[in-house]
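Structural characterization, general
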Amino acid sequence: MTQAIKEIKTFSVFMVGVGGQGIGTLSEVLIRAVDYSGQRCVGVDTHGLAQRGGVVSSHLKIGNVNSPLVIPGEVDLVIALERHEAMRGLSYLKPGGTLVYYDTSWQPLPVRLGKEKEIQSVEIDNFAKENNISVHRVFYDLPDARMQNTAVLATIAKYNLIPKVKPEHYLKAMEDLMSEKVYILNKEVFEKIFSE
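Remember, predicted model here, so these are calculated numbers, not experimental data. (Residues numbered from 1 in each chain as written. Predicted model: local features only at pLDDT ≥ 70, side-chain atom pairs only at ≥ 80, totals over all residues. Heavy atoms only, no water.)

1. Topic: the overall build of the chain
Assigned secondary structure in the chain consists of seven helices and six strands. Mapped from its N terminus to its C terminus, the chain presents α and β elements in the order β-α-β-β-β-α-β-α-α-β-α-α-α. In the chain, the share of contacts with a sequence separation of at least 24, taken over all contacts with a separation of at least 6, comes to 62%. Surface accessibility of the chain: about 10700 Å² in total, with carbon and sulfur atoms responsible for 51%. (Helix = DSSP H or I, 4+ residues; strand = E, 2+ residues; numbered from the N terminus. Contact = heavy atoms within 4.5 Å. Areas by Shrake-Rupley, 256 points an atom, 1.4 Å probe, with all protein chains shown as cover.)

2. Concerning the side chain of H59
Relative to the elements of secondary structure, H59 occurs in strand β3 (residues 55-62). Within polar-contact distance, the side chain of H59 engages the backbone nitrogen of V70 at 3.0 Å. In this view, H59 contacts V13, F14, V42, G43, V44, P68, L69 and V70; residues no more than four positions away in its chain are not counted. (Polar contact = N/O pair within 3.5 Å; in protein donor to acceptor, adjacent residues only side chain to side chain.)

3. Some points on the pattern of salt bridges
Summed over the entire model, instances satisfying the criterion amount to ten salt bridges. A salt bridge links D176 to R32, with the nearest nitrogen and oxygen atoms 3.5 Å apart. Separated by 144 residues along the polypeptide, D176 in helix α6 (residues 167-177) and R32 in helix α1 (residues 23-36) bring together distant segments of the chain. Measuring nitrogen to oxygen at the nearest pair gives 3.4 Å for the salt bridge that ties R83 to E118. Taken as a pair, R83 in helix α2 (residues 83-89) and E118 in the loop between α3 (109-112) and α4 (121-130) lie far apart in primary sequence, 35 residues in all. Using a relative accessible area of 11% as the deciding quantity, one classes R83 as buried. (Salt bridge = Lys/Arg side-chain N within 4 Å of Asp/Glu carboxyl O. Buried < 20%, exposed > 50% of the residue type's maximum accessible area, 1.4 Å probe, protein only.)

4. Structural notes on the packing of aromatic side chains
Scanning the model with the defined rule gives four aromatic pairs in all. Put simply, the rings of Y170, F190 and F194 touch in pairs and so form one group of aromatic residues. (Phe/Tyr/Trp six-rings, centres within 6.5 Å; stacked < 30°, edge-to-face > 60°.)

5. A word on helix α7 (residues 180-195)
A rise of 1.5 Å per residue sets the reference length of α7, with its 16 residues, at 22 Å; its end C-alpha atoms lie 22 Å apart and thus fit the reference within 8%. Along α7, the positions that sit buried rather than exposed are Y183, N186, V189, F190 and I193. Taken around the axis of α7, the buried residues stretch over an arc of 130°, which confines them to a single face. Of the residues in α7, the exposed ones pointing more than 90 degrees away from the buried face are E180, K181, E188, K192 and S195. Where α7 is buried, its residues meet α5 (148-158) and α6. (Expected span 1.5 Å × (residues − 1). Arc of directions from axis to C-beta.)

6. Description of the confidence of the model for the chain
In this model, the chain carries a mean pLDDT of 87, and residues with pLDDT of at least 70 account for 89%. Taken as a whole, residues 1-7 scores under 50 in pLDDT and shows zero contacts with residues more than four places along the chain or in a different chain. (pLDDT = per-residue confidence, 0-100.)

What follows is the structure, encoded as structure tokens:
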């Protein structure tokens, strides 16, 4: 007797930034928020040269999966906290995928040394258009640059970019992971961006 195999829908997220930008915190918030939404997820961080401003990335998969590692070209959502990393992250997205990035430049070493030119947001837009990728560019006058990950998180919530995860799930996860003072400040930023 042959039994039909049920297709399992998974959702994959690749997060990338520069050491010190809060990718680790963002990853933890997302994992908890997905958990609060009642979905299963697995995640892993790769820190690289985080202490020296090097690349930091996190992988997250939602659904009935065992390995958190994402496959380049098959990712549903890329979250980047820096423009150069956003450009690099585009190669991870599948056609029809989504990029959310904070539009700032931390100038990687090759740019500072004059060996590579600085990436501009128009280059990201052009690549995305050619490859059927949706882009959400995030930039706000924040009270603290360390809140860039919260601004990106609010944008993800606002446009419902992660299935079944609601704003209250993100806020509860933030409250779990932040001190009361830090949470109150970040909650204000989150709610302001979400309601705009």
